[in-house]
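If you want the building blocks of each chain, they are given just below.
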Amino acid sequence: MNIKIVDTALEKEHAFLVRTTVFVEEQKVPQEEELDIHDENAIHFIGYFDSQPIAASRLRFVEGYGKLERICVLKEFRGKSIGKAIIEVMENVIREEGYSKAKLNAQSHAEAFYKKLGYQTVSDEFMDAGIPHVTMIKELH
C-alpha cells in the first residue's frame, strides 16, 4: 500500500477514477457535484495497492483548517485500515503546511470511524448530494 500526493496527470486521473467509482457509481452522487471547481486548486492524494489505484482524497485549506474532502476507498479494499492511513497522510500534510486544525464533512454512517481517529462532531446532520453528513473537527498536535 502506497499513499502519496498526486504529482502527475496520470495519478490525478487515477484519483478521479476512484472517486467516480465510489461516489458516482456506488453512491449515485451526480458527476457534476463530485468533480467540482475546487479540484483545480486542491492537493490530491492517491492510494495504490501494487499498481492498482484503490483510494483517493483531496485537501484544501479553508478558514484556518485543513479540510479533508472526497475521502474514498474502493469497496473491495474497505476494512483494511486504508481510510485511516490516507487520513494520517493528509493530517501530516496539514501540519507541514503550518495548520493545527483539521475539518471534514463526514457521511453520517462514517461518523463513528472518524470519532475513533479523534474527530469531534460540531454540527447537526445535513444533506449533501442526497447523503446525510455531519461536520467534524480535530486539533492536530
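Residues numbered from 1 in each chain as written. Predicted model: local features only at pLDDT ≥ 70, side-chain atom pairs only at ≥ 80, totals over all residues. Heavy atoms only, no water.

What follows deals with helix α1 (residues 9-26). For α1, with 18 residues, the first-to-last C-alpha span of 24 Å sits near the 26 Å given by 1.5 Å per residue. Of all the bends found along α1, the most pronounced is centred on Thr20 and spans about 35°. Of the positions making up α1, those classed as buried are Glu11, His14, Ala15, Val18, Arg19, Thr20, Val22, Phe23 and Val24. In this structure, the buried residues of α1 make contact with β1 (2-5), α2 (31-34), β2 (43-49), β3 (52-62), β4 (65-73) and β5 (101-107). (Helix = DSSP H or I, 4+ residues; strand = E, 2+ residues; numbered from the N terminus. Expected span 1.5 Å × (residues − 1). Bend = angle between axes of the 7 residues up to and from the residue. Buried < 20%, exposed > 50% of the residue type's maximum accessible area, 1.4 Å probe, protein only. Contact = heavy atoms within 4.5 Å.)

Another point: the nonpolar core. With 37 residues, the main nonpolar core has Leu68, Ile87, Tyr114 and Tyr119 as its most contacted residues. Contributions of two or more residues to this core are made by α1, β2, β3, β4, α3 (82-96), β5 and β8 (131-139). With 6 residues, α3 is the largest single contributor of residues to this core. The residues contacting Leu68, other than those within four sequence positions of it, are Arg58, Leu59, Ile87, Met90, Ile94, Ala102, Lys103, Leu104, Asn105 and Tyr119. (Core = buried A, V, L, I, M, F, W, Y, C linked by side-chain atoms within 4.5 Å.)

Here we come to the pattern of salt bridges. A complete count under the given rule lists 14 salt bridges for this structure. Between Glu26 and Arg78 there is a salt bridge whose closest N-O contact spans 2.8 Å. Of this pair, Glu26 sits in helix α1 while Arg78 sits in the loop between β4 and α3, and the two are 52 residues apart along the sequence. Among the residues examined, Glu26 registers a relative accessible area of 30% and is labelled partly exposed. Judged by its relative accessible area of 35%, Arg78 is partly exposed. For Lys115, the salt bridge identified is with Glu111, shortest N-O distance 3.8 Å. Taken together, the residues Lys115 and Glu111, both in helix α4 (residues 111-116) and 4 residues apart, mark about one turn of the helix. Taken together, the shared-partner salt bridges connect Arg19, Glu34, Asp36, Asp39, Arg58, Arg60, Lys67, Glu69 and Arg70 into one network. (Salt bridge = Lys/Arg side-chain N within 4 Å of Asp/Glu carboxyl O.)

Attention shifts here to the side chain of Gln107. With respect to the helices and strands, the residue Gln107 is situated in strand β5. For Gln107, the side chain forms a polar contact with the side chain of Gln27, separated by 2.7 Å. Filtering out sequence-adjacent residues up to four positions away, Gln107 remains in contact with Phe23, Gln27, Ile131, Pro132 and His133. (Polar contact = N/O pair within 3.5 Å; in protein donor to acceptor, adjacent residues only side chain to side chain.)

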